Amino acid sequence: MNLVSLTLGPFGSIWPASLIWAACGWANQGPNAVIALMLFGLGLWVDLLTGGPLGAWAVVALIAHTLTILTARFSVAMASTPMGAAAITGLFFLVAAFVLSISSGKGFNVLSILVPIISAVLTYPWVAAWFDLSKDEA
């Protein structure tokens, strides 16, 4: 049962891909258990909103978040722009969703997740400030 049925027509729900904003924005904090728990909680909330299997989007978000942190350590250029960071996180999000879908034995409709991911990546520069947890702002 979907609690909120906001969809992009045949291209799926917009809510799962919105996790990209938190996964990307909170990656600048590095590995952090509190951040991981908050992201997992948001993922569970998205599972409830979309009627997905409980924990599925939470795991996808954590995988994308972790891979974004690892990539940022090896590539300073990745974090140079919000759009670049969101694109990398979006790619990891897509790969994690694909792996989870295949491992659960379900088919994978690329367009149903690709369009929301692209939408989340393109809108990230406008919402990035809301997910910036750095303490440098004084």
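Shown above is the structure to which this text applies.
Residues numbered from 1 in each chain as written. Predicted model: local features only at pLDDT ≥ 70, side-chain atom pairs only at ≥ 80, totals over all residues. Heavy atoms only, no water.

Glancing now at the environment of Ser18. Take Ser18: it is sitting in the segment before helix H1 (19-25). Taking relative accessible area as the criterion, Ser18 reaches 17% and is therefore assigned buried. Remark: the alpha-carbon pair of Ser18 and Ala120, spanning 102 residues in sequence, is separated by 5.8 Å. (Helix = DSSP H or I, 4+ residues; strand = E, 2+ residues; numbered from the N terminus. Buried < 20%, exposed > 50% of the residue type's maximum accessible area, 1.4 Å probe, protein only.)

Attention now goes to a nonpolar patch on the surface. Together, Phe40, Val59, Ile63, Leu67, Leu70 and Phe74 make up a nonpolar patch on the protein surface, roughly 520 Å² of accessible area in all. Relative to the helices and strands, Leu67 resides in helix H3 (residues 56-74). (Patch = residues over 30% accessible without salt bridge, like charges linked within 9 Å, V, L, I, M, F, W, Y side chains within 5 Å. Areas by Shrake-Rupley, 256 points an atom, 1.4 Å probe, with all protein chains shown as cover. Salt bridge = Lys/Arg side-chain N within 4 Å of Asp/Glu carboxyl O.)

Taking 1.5 Å of rise per residue, 22 residues should cover 32 Å, and helix H4 (residues 82-103) covers 31 Å from first to last C-alpha, within 8% of that figure. Among the residues of H4, those classed as buried are Ala85, Ala86, Thr89, Gly90, Phe92, Phe93, Leu94, Ala96, Ala97 and Ser101. Packed against the buried residues of H4 are H1, H3 and helix H5 (110-127). Gly105 lies just past H4 and shows a positive phi near 85°. (Expected span 1.5 Å × (residues − 1). Contact = heavy atoms within 4.5 Å.)

Now for the packing of H3 against H4. Between H3 and H4, whose axes approach to 8 Å, the crossing angle comes to 140°. Our classification of the angle between H3 and H4 gives oblique. At the point where H3 passes H4, the crossing takes the right-handed sense. Taking contact as the criterion, the partners of Ala56, Trp57, Val60, Ala61, Ile63, Ala64, Leu67, Thr68 and Thr71 in H3 are, on H4, Ile88, Thr89, Phe92, Phe93, Ala96, Ala97 and Leu100. Class assignment for the residues of the contact of H3 with H4 results in 13 nonpolar, three polar and no charged. (Axes fitted to C-alpha atoms, helices over the stretch in contact; angles between N-to-C directions. Parallel < 35°, antiparallel > 145°, perpendicular 65-115°, else oblique. Left-handed = near helix turned anticlockwise from the far one by under 90°. Nonpolar A, V, L, I, M, F, W, Y, C, P; charged D, E, K, R; others polar.)

With 29 residues, the main nonpolar core has Trp57, Phe93 and Ile117 as its most contacted residues. Elements supplying a minimum of two residues to this core: H1, helix H2 (33-50), H3, H4 and H5. At seven residues, the largest contribution of residues to this core is made by H4. Excluding residues that lie within four positions of it along the chain, Trp57 makes contacts with Pro16, Leu19, Gly43, Val46, Asp47, Thr50, Phe93, Ala97 and Ile113. (Core = buried A, V, L, I, M, F, W, Y, C linked by side-chain atoms within 4.5 Å.)

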